[in-house]
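For reference, the chains in residue letters:
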Amino acid sequence: MDVRIDNSWEIVLSNEFKQPYFEQLANFVRNEYETKQIFPPSKEIFNALDLCPFNKVKVVIIGQDPYHGPGQAHGLCFSVRDGVQFPPSLRNIFKEINSDLGKPIPQSGDLSRWAKQGVLLLNATLTVRARQAASHQNKGWERFTDAAIKAVSEQNENVVFLLWGAYAHRKGLVIDRTKHLVLESVHPSPLSASRGFFGNHHFSKANNYLKENGKTPMAW
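Counting restarts for each chain, with residues numbered from 1 along the sequence as it is written. Thresholds applied to this predicted model are a pLDDT of at least 70 for local features of residues and 80 or more for the giving and counting of side-chain atom pairs; totals over whole chains, interfaces and linings are not thresholded and use all residues. Each side-chain value is worked out from all heavy atoms of the structure, with water and hydrogens disregarded.

Participant: Lay out the pairing of strand E3 (residues 119–123) in plain terms, naming residues and giving numbers.
Facilitator: Remark: a regular strand shows side chains that alternate across the two faces of the sheet. In terms of residue burial, E3 counts as a mostly covered element, since 5 of its 5 residues are buried. Exposure classes here rest on a 1.4 Å probe applied to the protein chains alone. A residue is buried below 20% of its type maximum, exposed above 50%, and partly exposed in between. Only runs of H or I of at least four residues qualify as helices and only runs of E of at least two qualify as strands under DSSP, and these elements are numbered from the N terminus. Neither face of E3 is left uncovered, since the one carrying Val 119, Leu 121 and Asn 123 and the one carrying Leu 120 and Leu 122 both have all their residues buried. Looking at chain direction, strand E2 (residues 59–63) and E3 are connected through 5 bridges and run parallel. Looking across to E3, one finds that Ile 62 is bridged to Leu 122. Paired strands are those between which DSSP finds at least two bridges.

See the structure below:
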């Protein structure tokens, strides 16, 4: 399989790659790609880690599962490729940025532009079967992504973690809140956005914190 991951993450997560669970996960994923339609394309499985080197992480956004519709997932949580219609949660994220910072709704839902500025857009599970949500959960990805989050928390300073929804809140329990800013709200899904995602001002709060700690704010 052709996979890409930034060398900084290969070093930080080298111990995970050697664990028995990861070998089992890799065998499962390899077989899935050989026998079924799986998203994202294999070379983009680690896109979040490839586009945002470990020592450049300024913000972490935690998602749950890749999009399972054709042409959507490309390895960054909430993000879709250029030209793909915005999923409802992404549309609501852009609405909150518009309300919070006055920025217009962008034409593209490709959040690679955020990743390259230092936003780790990490799904808890990095692969999924086409049209089968959550089909690769509980295979080992969650342990791997927990390790990535824990490494950021332990080895980096003054990172902003944006945790939207109960799943992300639980995933964020490993974060050291004495040295990072953790912002929590409900999920941007249409089912919950009106109950506290809209108006959470997470994007301006993140930028203010970054500036206070001598970091360049995000061009959301």
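Participant: Would you mind going over the packing of helix H3 (residues 20–35) against helix H7 (residues 141–155) in detail, with residue names and values included?
Facilitator: Where helices are involved, their axes are fitted lines through C-alpha atoms of the stretch in contact, as for all axes, and angles between N-to-C directions lie from 0 to 180°. Remark: H3 packs on H7, axes separated minimally by 9 Å, with the N-to-C direction vectors making an angle of 125 degrees. When the axes of H3 and H7 are compared, the pair comes out oblique. Considering only the axes of H3 and H7, their crossing is left-handed. Along the contact surface, H3 presents Tyr 21, Phe 22, Leu 25 and Val 29, while H7 presents Trp 141, Arg 143 and Phe 144. When an angle is under 35 degrees it counts as roughly parallel; over 145 it counts as roughly antiparallel; between 65 and 115 it counts as roughly perpendicular; any other value is oblique. Should the near helix be turned anticlockwise from the far one by less than a right angle, the crossing is termed left-handed; should it be turned clockwise, right-handed. Here, two residues are considered to be in contact whenever any of their heavy atoms come within 4.5 Å of each other.

Participant: Tell me about the sheet that holds E2, and please be specific about residues and values.
Facilitator: Taking strand neighbours across the sheet as the criterion, the 4 strands line up as E3-E2-E5-E6 in an open arrangement whose pairing is parallel. If you trace the sheet from one side to the other, it starts and ends with E3 and strand E6 (181–185), each paired once. Strand after strand, the sheet turns through a mean of 15 degrees between neighbouring axes, direction not considered. In the packing of H7 onto the sheet, contacts are made with E2, E3 and strand E5 (160–164), and the angle to E3 comes to roughly 155 degrees.

Participant: Could you give an account of the side chain of Glu 96, with specific residues and numbers?
Facilitator: Secondary-structure assignment places Glu 96 in helix H5 (residues 88–101). No salt bridge forms around the buried Glu 96; measuring N to O, its nearest opposite-charge neighbour Lys 205 is 8.4 Å away. If sequence neighbours within four positions are ignored, Glu 96 has contacts with Phe 197, Phe 198, Gly 199, Asn 200, His 201 and Phe 203. Only four residue types enter the charge count: Lys and Arg as positive, Asp and Glu as negative, with His and the chain ends excluded. Any Lys or Arg side-chain nitrogen located within 4 Å of an Asp or Glu carboxyl oxygen qualifies as a salt bridge.

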